[in-house]
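# Structural overview
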Amino acid sequence: MGLFTKDIKTMDDLFVHQLQDIYYAEKQLVKALPKMADKASNAQLKQGFLSHLDETRTHVQRLEQVFQMHGAQAKAVDCPAIDGIIEEAEEVTGEVEDKAVLDAALINAAQAAEHYEITRYGSLISWAKQLGRNDCAAVLQKTLDEEKATDKKLTALAESTINLRAAG
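Residues numbered from 1 in each chain as written. Predicted model: local features only at pLDDT ≥ 70, side-chain atom pairs only at ≥ 80, totals over all residues. Heavy atoms only, no water.

Let us look at the overall build of the protein. Within the protein, the regular secondary structure consists of five helices and zero strands. The secondary structure elements of the protein, listed N-terminal to C-terminal, are α-α-α-α-α. Considered along the principal axes of its C-alpha atoms, the protein spans approximately 55 × 30 × 20 Å. In the protein, which comprises 168 residues, the share counted as buried stands at 45%. Here the analysis covers contacts within the protein between residues at least 6 apart in sequence; of these, 80% occur between residues at least 24 apart. Counting 19 positive and 27 negative side-chain charges, the protein places the centres of these two groups 5 Å from one another. (Helix = DSSP H or I, 4+ residues; strand = E, 2+ residues; numbered from the N terminus. Buried < 20%, exposed > 50% of the residue type's maximum accessible area, 1.4 Å probe, protein only. Contact = heavy atoms within 4.5 Å. Lys, Arg positive; Asp, Glu negative; His and termini not counted. Charge placed at Lys NZ, Arg CZ, Asp CG, Glu CD.)

In C-alpha cells form, the structure reads like this:
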C-alpha cells in the first residue's frame, strides 16, 4: 500500500483512514504496555505504564465513540509506524541486561509511541474542525491532552531519576 490508497479521495476519507490507523495503534499499545511494565524495574515507571494502559483502553473507547459520531464503522487498518516503534522497542529492550539502562530504553520507546500519537491526534483534531465536526474534535482533544501529559511525565521521570541511574 502506498502513502495514499485509491479510496482516499476527500478530507473525510483521509479523516476516517487516520482514525482507523490510530485505532489500530492504540489497540497495539494495549497489548504492548503490559509487557513494558513487566520489563520495568523502576516502580514509578512500572506504575506509569500500567496507568497509561488504563488510559489507552479509554482512548480505544473514545475512538469508537468518534467513529460512531461520524457515522463510520470502527475498524482498524494496519499501521506500519506503530508496528515499527513496538518492534524496535522489543529489539532494543531485549538486548539490555542492566536494569537501569533498560528503564531508560523503555522510556525512550514509550516516548516514541507518544510522539507518534500526539502527531496523529493533532492532525485528526484539525481535520475534524475543518469538516465541521467540533464534536469529534472535542473527544479527540481529551486524548491528545492525556498523551501530552504522559509524555511530560515520562520526560520528568527520565530526567530526574532513570537517566541518572542509567548513566551512573
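With that settled, the discussion passes to the side chain of Asp 21. With respect to the helices, strands and loops of the structure, Asp 21 is situated in helix 1 (residues 11-39). Ignoring any residue separated from it by four or fewer positions in sequence, one finds Asp 21 in contact with Val 77, Asp 78, Cys 79, Tyr 116 and Arg 120.

Right, let's get into helix 4 (residues 99-130). Between the first and last C-alpha of helix 4 there are 47 Å, a value that for 32 residues agrees with the 46 Å anticipated at 1.5 Å per step. The N-cap of helix 4, judged by a side-chain oxygen 2.8 Å from the amide nitrogen of Ala 100 a few residues on, is Asp 98. Immediately beyond the C-terminal end of helix 4, within one or two residues, lies Gly 132, with a positive phi of roughly 75 degrees. (Expected span 1.5 Å × (residues − 1). Polar contact = N/O pair within 3.5 Å; in protein donor to acceptor, adjacent residues only side chain to side chain.)

Next up on the list: helix 5 (residues 134-167). Helix length check: helix 5 (34 residues) gives 46 Å between terminal C-alpha atoms against 50 Å at 1.5 Å per residue, within 8%. Taken as a whole, helix 5 carries its principal kink of about 55 degrees at Ala 158. (Bend = angle between axes of the 7 residues up to and from the residue.)

This prediction gives the protein a mean pLDDT of 94; 96% of its residues lie at or above 70. Helix 3 (residues 80-94) is the least confidently modelled element of the protein, averaging 93 in pLDDT, while helix 2 (residues 43-70) averages 97, the highest of any element. (pLDDT = per-residue confidence, 0-100.)

On the surface, a cluster of negative charge is contributed by Glu 87, Glu 88, Glu 90, Glu 91 and Glu 95. Inspection of the secondary structure puts Glu 88 in helix 3. Given the relative accessible area of 52%, Glu 88 is considered exposed. (Patch = residues over 30% accessible without salt bridge, like charges linked within 9 Å, V, L, I, M, F, W, Y side chains within 5 Å. Areas by Shrake-Rupley, 256 points an atom, 1.4 Å probe, with all protein chains shown as cover. Salt bridge = Lys/Arg side-chain N within 4 Å of Asp/Glu carboxyl O.)

A full pass over the atoms with the stated rule returns five salt bridges. Salt-bridge contacts for Asp 54 lead to Arg 57; the nearest nitrogen and oxygen are separated by 3.4 Å. Here Asp 54 and its partner Arg 57 are both found in helix 2, three residues apart, which amounts to about one turn of the helix. Exposure remark for Asp 54: the relative accessible area of 47% places this residue in the partly exposed category. Measuring nitrogen to oxygen at the nearest pair gives 2.7 Å for the salt bridge that ties Arg 133 to Asp 135. Judged by relative accessible area, Asp 135 falls into the partly exposed class, the value being 35%.

With that settled, the discussion passes to the packing of aromatic side chains. Using the criterion set out here, one finds one aromatic pair in the structure. Geometrically, the ring pair formed by Tyr 23 and Phe 67 is edge-to-face, given 5.4 Å between the ring centres and 75 degrees between the ring planes. Highlighted residues: Tyr 23 in helix 1 and Phe 67 in helix 2, separated in sequence by 44 residues. A residue is classified by how much of its surface remains accessible, and Tyr 23, at 4% relative accessible area, is buried. (Phe/Tyr/Trp six-rings, centres within 6.5 Å; stacked < 30°, edge-to-face > 60°.)

Bringing the environment of Pro 80 into the picture now. Position of Pro 80 relative to the elements: it lies in helix 3. In sequence terms Pro 80 and Tyr 24 are 56 residues apart; their C-alpha atoms lie 9.9 Å from each other.

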